[in-house]
Amino acid sequence: SVLMRIIRKYIVALFIIFFLLNFAVLILWKGIYNFALSKKGIYSDEVKKEIGIKKDEEMDFYNEFWIDRKFKYVKYIGELEKHTTSQKYLNITKDKGRYNGENNNCEQNILFYGSSSLFGYNVKDNQTIPFHFKKFLNKNLNKKFCVFNYGSASHFSTHENIFFQNQFINKVISKNDILIFLDGTAENGNYNSKADLALENLFDYTHYNLMDKYLFTFPLTIKTLPIFQIFKIYQNKKNNKLFNDDFEEIFYIFQSNINMRDELCSLLDLKCFTFLQPFPFITGKEDKSHLNIKNIQDKEEFWQKKYDILKSTKGVHDLNNSLKMNKKISFVDSIHYSPAASKIIAKNIFDKLCLFNIF
């Protein structure tokens, strides 16, 4: 009938428009995104000066940390930054964490564990806490140390405990090695990581029968279309909740992990130390205008509450006041340390360990 022919034409036309729209987004999106970033500026002048990058380096620096950086899945641990080829600012070795200078012919190993703030997001390889710590060792002690940076995005005490156990059974760690954990900001109670959620999804798929597998694959296919990817970015900006605010749960998990960590380290003859890191918005330089973040007061209240409960954890050494006298900016974004702050934190950790006669 005439009506059916008209309906078919409209359906075909809509399909073609939908296809062309997705194709256009696929082709143009990267250029539009890069252009928009370059126009508004990614980092403030104050941050660029502190990191040591020029305006024409800004996009390359950003891409290495946020666009080109990839993750891998590691059994039991979850997600971990994937190794890179040779880059200018950010280099991750295949199995020894972020590049931390040459580690050869060493008399003792020191391994750092923590979240992205230890890993050193938005700072160069030679501006991280473990890198500065290694410089203090080489300058002050007549002994050759290997220092490794095993920080990773979103890792907290649960991940770290599993991580170092995994490394011990794989003979990456040996008796009398020194393990340093920098914890606090990423503590998230029992929240699921991206890897956990992805594995749950995949495991559900194994229970579908042959004819029902489309229930898993069809929605996934739709979500991968460019136009839905843009919508997802917009939704994430509106509904982004990265942190658990159940502080009682966070404290319980953290204290439990510290207790287990200390017992296990003692049993394995490892020298383990946990430091409560300086928290953003409540420590360091007070002028945070370079952060360009809304609702700063709400964030200050959140971090103050989180710090107040975690500082009572037994078995940790509190570094929150270490940035009080820092004259430069302490954070290059809302949570990651500046090179100056990284150096101060490294010096405080070094001084604490010297007081304990660890070296």
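Residues numbered from 1 in each chain as written. Predicted model: local features only at pLDDT ≥ 70, side-chain atom pairs only at ≥ 80, totals over all residues. Heavy atoms only, no water.

### Examining the packing of aromatic side chains
- Per the counting criterion, the structure on display carries 27 aromatic pairs.
- Summarising the aromatic geometry, the rings of Phe 164 and Phe 181 are spaced 5.7 Å apart at their centres and angled 65° between planes, so their arrangement reads as edge-to-face. You can see Phe 164 sitting in helix H6 (residues 157–169) and its partner Phe 181 sitting in strand E5 (residues 178–183), a full 17 residues away along the chain. Taken as a pair, Phe 164 and Phe 181 share a single burial class, namely buried. (Phe/Tyr/Trp six-rings, centres within 6.5 Å; stacked < 30°, edge-to-face > 60°. Helix = DSSP H or I, 4+ residues; strand = E, 2+ residues; numbered from the N terminus. Buried < 20%, exposed > 50% of the residue type's maximum accessible area, 1.4 Å probe, protein only.)

### A few points about the packing of H6 against helix H10 (residues 247–267)
- Two numbers describe how H6 lies on H10: the axes approach to 9 Å, and their chain directions differ by 20°. By the angle class used here, H6 and H10 are roughly parallel. When the axes of H6 and H10 are compared, the crossing they make is left-handed. Residue-level contacts link Ser 157, Thr 158, Glu 160, Asn 161, Phe 164 and Gln 165 of H6 to Ile 253, Phe 254, Asn 257, Met 260, Arg 261, Leu 264 and Cys 265 of H10.
- Its residues placed into classes, the contact of H6 with H10 shows six nonpolar, five polar and two charged. (Axes fitted to C-alpha atoms, helices over the stretch in contact; angles between N-to-C directions. Parallel < 35°, antiparallel > 145°, perpendicular 65-115°, else oblique. Left-handed = near helix turned anticlockwise from the far one by under 90°. Contact = heavy atoms within 4.5 Å. Nonpolar A, V, L, I, M, F, W, Y, C, P; charged D, E, K, R; others polar.)

### Structural notes on the sheet that holds E5
- In spatial order, the strands read E4-E3-E5-E6-E7; together these five strands make up an open sheet with parallel pairing. Only two strands of the sheet have a single partner each, and these edge strands are strand E4 (145–149) and strand E7 (316–318). Strand-to-strand twist of the sheet, defined as the mean angle between neighbouring strand axes without regard to direction, takes the value 25°.
- Examined bridge by bridge, strand E3 (residues 108–114) and E4 share five bridges and lie parallel to one another. Bridge assignment links Gln 108 to a residue of E4, and that residue is Phe 145. (Pairing = 2+ DSSP bridges.)

### Considering the pairing of E5
- Taken across its six residues, E5 has six buried, putting it largely inside the fold.
- Here E5 shows no split at all, with Ile 178, Ile 180 and Leu 182 on one side and Leu 179, Phe 181 and Asp 183 on the other all buried.

### Side note on the nonpolar core
- Formed by 25 residues in total, the largest nonpolar core has its most connected members in Ile 110, Phe 112, Ile 129, Phe 133, Ile 180 and Ile 349.
- For this core, the secondary-structure elements that each account for two or more residues are E3, helix H5 (129–140), E4, E5, strand E6 (271–276) and helix H12 (339–355).
- Considering each element in turn, this core owes the most residues, six residues, to H12.
- Residues in contact with Phe 112, not counting those within four places in the same chain, are Leu 118, Ile 129, Pro 130, Phe 133, Val 147, Phe 148, Asn 149, Tyr 150, Gly 151, Ile 180 and Ile 349.
- Residues Leu 111, Tyr 113, Phe 164 and Phe 181 belong to the second largest nonpolar core, which totals 17 residues. (Core = buried A, V, L, I, M, F, W, Y, C linked by side-chain atoms within 4.5 Å.)

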